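As a plain string of letters, each chain reads:
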Amino acid sequence: DQQVKQNSPSLSVQEGRISILNCDYTNSMFDYFLWYKKYPAEGPTFLISISSIKDKNEDGRFTVFLNKSAKHLSLHIVPSQPGDSAVYFCAAMRFNAGGTSYGKLTFGQGTILTVHP
Amino acid sequence: GAVVSQHPSWVICKSGTSVKIECRSLDFQATTMFWYRQFPKQSLMLMATSNEGSKATYEQGVEKDKFLINHASLTLSTLTVTSAHPEDSSFYICSATIPGSVTGELFFGEGSRLTVL
């Protein structure tokens, strides 16, 4: 049961343009969503996150949008740079009854982003 | 930021041997660490939650006798793949969260690529 899905295995974008990476989820109980970036043979690195009570979070060139009714989130990268080329994973987590999380994440399959110069 | 380190980065072994992978939190104490596994072109799959001083919690479908986890100290968790077989070849990644972190943001190790001949 894939609770977090990234239906686009790859995305190719021209440098300077916008990259939009999409993610869908099925579990309405998720409290928090995160995006990670991963280079080959390396561990993922955290990019940006959003709480389920928000619909937008922005950090520099990265903006994450959350549409709870559609169970959909997206990561926008503007402007895209060649160094952004990597695999992007969205992930989701639930908080426990105390309102904290122990970091147990459910990941999507990842989307390979290629930014061409 | 917080640093998590894994060792070794690459390991090649013969079928039937056991391989140990170490995960260390370098600048913080991690009461909980997580072990993930990634197959090519697939998402990161949580294998188990490693708890300092107690038994690990395994996800459904993960053989606890096959993947031994020991979290003997607040900065070290080990994953031992026992009697490894070619199907165990994969990319194994550990992660940890800062204690008390509300968001549960994970910091990942560099990953360990296991190839079983």
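Residues numbered from 1 in each chain as written. Chains lettered and ligands numbered in written order. Predicted model: local features only at pLDDT ≥ 70, side-chain atom pairs only at ≥ 80, totals over all residues. Heavy atoms only, no water.

**Q** Where do I start with the overall build of chain A in this structure?
**A** Within chain A one finds 0 helices and 11 strands. Scanning chain A from its N terminus toward the C terminus, one meets helices and strands in the order β-β-β-β-β-β-β-β-β-β-β. Taken over the C-alpha trace, chain A has a radius of gyration of 14 Å; the compact-globule value for 117 residues is 13 Å, and the two agree within 12%. Taken over the C-alpha atoms alone, chain A extends approximately 45 × 30 × 25 Å along its principal axes. In the form shown here, chain A has an accessible surface area of approximately 5700 Å², with 50% of it arising from carbon and sulfur atoms. A distance of 5 Å separates the average location of the 11 positive side-chain charges in chain A from that of its 9 negative side-chain charges. (Helix = DSSP H or I, 4+ residues; strand = E, 2+ residues; numbered from the N terminus. Rg over C-alpha atoms; globule rule 2.2 N^0.38 Å. Areas by Shrake-Rupley, 256 points an atom, 1.4 Å probe, with all protein chains shown as cover. Lys, Arg positive; Asp, Glu negative; His and termini not counted. Charge placed at Lys NZ, Arg CZ, Asp CG, Glu CD.)

**Q** Just to check I follow, could you spell out the nonpolar core for this structure?
**A** Note on soluble globular proteins: their nonpolar side chains tend to be buried together. Formed by 25 residues in total, the largest nonpolar core has its most connected members in B:Val4, B:Trp35, B:Phe67, B:Ile69, B:Leu79, B:Tyr92 and B:Leu114. When residues of this core are traced back to their parent elements, those giving at least two are strand S2 (10-13), strand S3 (19-25), strand S4 (32-38), strand S5 (44-51), strand S7 (67-73), strand S8 (76-81), strand S9 (90-97) and strand S11 (112-116) of chain B. Not counting residues up to four positions away in its chain, the partners in contact with B:Tyr92 are B:Gln6, B:Ile21, B:Tyr36, B:Arg37, B:Met47, B:Phe67, B:Leu79, B:Gly111, B:Ser112 and B:Leu114. Of all hydrophobic cores here, the second largest spans 23 residues; its members include A:Ile50, A:Ile77, A:Ala86 and A:Cys90. (Core = buried A, V, L, I, M, F, W, Y, C linked by side-chain atoms within 4.5 Å. Buried < 20%, exposed > 50% of the residue type's maximum accessible area, 1.4 Å probe, protein only. Contact = heavy atoms within 4.5 Å.)

**Q** Would you mind going over the sheet that holds strand S8 (residues 72-77) of chain A with me for this structure?
**A** Think of a sheet as strands paired side by side through backbone hydrogen bonds, with each pair either parallel or antiparallel. All names here are of chain A. Ordered by their spatial adjacency, 5 strands build an open sheet running S1-S3-S8-S7-S6, and the pairing between neighbours is antiparallel. Only two strands of the sheet have a single partner each, and these edge strands are strand S1 (4-5) and strand S6 (56-59). In terms of strand pairing, strand S3 (residues 19-25) meets S8 through 6 bridges, oriented antiparallel. Looking across to S8, one finds that Asn22 is bridged to Ser74. (Pairing = 2+ DSSP bridges.)

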